[in-house]
Amino acid sequence: MSKVGRNDLCPCGSGKKYKKCCLGKETSAVESILRLVTTEEADAAAAQAAASPETGVRPEGKLTLTKLKKMVTRELRWEHPAHEQLAMQLIESMRSQYERELIFEAVVLWNGFSGQTKPAVKKAGSFCAAIEYILSEEYGFNLSQAELADKYEVTTATISRKVKEMLNYIEEYGREGDSDELLVLNGGGTAREKAQLLLHKAMESTSGKRRIQLAEAALEIYPDSSDAYLVLAEESENEQEARAFLKAGIAAGERELGEAFFAEHKGHFWGLTETRPYIRICKSYAESCWFGGKAEEAAEILEHILELNPDDNTGSRYLLAAVYLYSNQLKEAEQFLKKYGEDDAAAAFAYDRIVLEYKKNGITSQLKMLYRVARGVNKHVPDYLLGMKRLPHNLPDFVGMGDSNEAVEYVIMHSRLWASLPDLLKWMLKQQ
């Protein structure tokens, strides 16, 4: 069964989006380094060591000044010519004192900082001094700001200000992401593979801005990336915009796979890993439609998912049953529960059978029997449905049959259905 989307209404009832209310903030900020293998192994290893010096890896080959300058002029994107000129000056000012790998890291830091903050360059030395000071502090060179002020002919107060600005940037965006992105863009592999590496970083990042930046970079490389559109949808502040991103992602997935692929592999999609981004974004779009009051559109996309993948590895069947019941498609709901529910011991189908019986026949002895059966499947659901227990702020990572986590997930995903049945809820309360 699926979880609440980042852009869905928060289940706590605040009226805010889940990501702005109760979504947990404890996600680890540690981002793993992407290791790339290219035909130019020495260059890739050197770049990797610079991007992640704490790993202790040192390349056998060495970066050269020529390669660094070529990288600045041909391979990096700059917001302004002055930013590119400053990168060249940084190389020249550091060439006699530092290893090329460290200069590489300095350039990458400047590229990321200048691209994000778009600073006006009045005194290039102030930025060069700040970068050198930050690296000096990190690697224990113990250079003072006074020494750097003399070297670059600027004041210590100016260096201090620029250091603070850069540290704020590093805190929000990190440095590893920038160097990894550079390695991806310069490495081997197809456009799709390069985009996927950027998206791997986006999915690990705890910064919303960084996730957006990486997803947009992935789309520049590979416009048919469903996962990139999914990231943009998750970070969107507007429901309509988020849904538009999801819809664009579905179209991207259709372009990527191609019409012939759908015809050939319909019926066992999930078994092919290349189909999973498409299935995921379809599922997210269906959930967005469901919570946004577009039940008919949600049903269409969920039916499409099950047609492609009848084994339903993503749990789309549970939401589709709710959509049928909510829309009073009782015949479809009954057939659906018979098809999928006979061998499925999930709480969702057990409690959905209560809704079906109530909508067809009202309060009956059969309804009471179905309620007893449902409680036997998962006794925790009524407590959350009736407000006897508060829904937790964070959704569980794992769901077990019959446990409270299953109940929480069911109530959240079916809240729209049960909110339309106040009399059934009153009846259920009397059964307690």
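What counts as what
- Residues numbered from 1 in each chain as written.
- Predicted model: local features only at pLDDT ≥ 70, side-chain atom pairs only at ≥ 80, totals over all residues.
- Heavy atoms only, no water.
- Patch = residues over 30% accessible without salt bridge, like charges linked within 9 Å, V, L, I, M, F, W, Y side chains within 5 Å.
- Areas by Shrake-Rupley, 256 points an atom, 1.4 Å probe, with all protein chains shown as cover.
- Salt bridge = Lys/Arg side-chain N within 4 Å of Asp/Glu carboxyl O.
- Lys, Arg positive; Asp, Glu negative; His and termini not counted.
- Charge placed at Lys NZ, Arg CZ, Asp CG, Glu CD.
- Helix = DSSP H or I, 4+ residues; strand = E, 2+ residues; numbered from the N terminus.
- Axes fitted to C-alpha atoms, helices over the stretch in contact; angles between N-to-C directions.
- Parallel < 35°, antiparallel > 145°, perpendicular 65-115°, else oblique.
- Left-handed = near helix turned anticlockwise from the far one by under 90°.
- Contact = heavy atoms within 4.5 Å.
- Nonpolar A, V, L, I, M, F, W, Y, C, P; charged D, E, K, R; others polar.
- Core = buried A, V, L, I, M, F, W, Y, C linked by side-chain atoms within 4.5 Å.
- Buried < 20%, exposed > 50% of the residue type's maximum accessible area, 1.4 Å probe, protein only.
- Phe/Tyr/Trp six-rings, centres within 6.5 Å; stacked < 30°, edge-to-face > 60°.

By the naming in an unreviewed UniProt entry, the protein chain goes by Tetratricopeptide repeat-containing protein and is assigned to Paenibacillus typhae.

S.K.: I tried to follow a negative patch on the surface on my own but got confused; where do I start?
M.R.: Together, Glu296, Glu300, Glu303 and Glu332 line one region of the surface with negative charge. The dominant element in the negative patch, judged by the number of residues it contributes, is helix H15 (residues 295–308), at three residues.

S.K.: Before we go on, may I ask you to explain the packing of helix H3 (residues 81–94) against helix H5 (residues 124–139) in this structure?
M.R.: Any two packed helices are characterised by the angle at which their axes cross and by the distance between the axes. Relative orientation of the contacting elements H3 and H5 amounts to 55 degrees, with a least axis distance of 10 Å. Overall, the two elements H3 and H5 adopt an arrangement that is oblique. At the point where H3 passes H5, the crossing takes the right-handed sense. Along the contact surface, H3 presents Leu86, Gln89, Leu90 and Met94, while H5 presents Ala124, Gly125, Phe127, Cys128, Ile131, Glu132 and Leu135. Tallied by class, residues from the contact of H3 with H5 come to eight nonpolar, two polar and one charged.

S.K.: Explain unusual backbone geometry to me, please; I cannot follow it from the model alone.
M.R.: Both trends apply: most residues other than glycine have a negative phi, and most peptide bonds are in trans. Phi at Lys118 takes a positive value of approximately 50 degrees, unusual for a residue other than glycine. With respect to the helices, strands and loops of the structure, Lys118 is situated in the loop between helix H4 (100–117) and H5. In the Ramachandran plot, Glu153 falls in the positive-phi region, its phi being about 60 degrees despite a non-glycine side chain. Examined against the element boundaries, Glu153 turns out to sit in the loop between helix H6 (145–152) and helix H7 (156–173).

S.K.: Can you help me understand the nonpolar core in this one?
M.R.: Generally speaking, nonpolar side chains in soluble globular proteins are found buried as a group. In terms of nonpolar packing, the biggest core is built from 86 residues, with Tyr351, Ile354, Trp418 and Leu424 touching the most fellow members. Residues within four places of Tyr351 in sequence aside, it is in contact with Ala374, Arg375, Asn378, Val381, Pro382, Tyr410 and Trp418. Within the second largest apolar cluster, 42 residues are counted, among which are Tyr98, Ile131, Ile134 and Val163.

S.K.: I would appreciate a short explanation of the packing of aromatic side chains in the present structure.
M.R.: Ring pairs (aromatic) are described by centroid distance and by the angle formed between their planes. This structure, assessed with the given rule, holds 13 aromatic pairs. Ring plane angle 75 degrees and centroid distance 5.7 Å describe the contact between Phe261 and Phe269, whose orientation is recorded as edge-to-face. Of the two residues, Phe261 and Phe269, both sit in the buried class. A ring pair is formed by Tyr324 and Phe336, whose centres lie 5.7 Å apart and whose planes are at 75 degrees; its orientation type is edge-to-face. Of the two residues, Tyr324 is situated in helix H16 (residues 316–326) and Phe336 in helix H17 (residues 330–341); the sequence distance between them amounts to 12 residues. In terms of burial, Tyr324 and Phe336 fall into one category: buried. Taken together, the ring pairs connect Trp110, Phe113, Phe127 and Tyr169 into an aromatic cluster.

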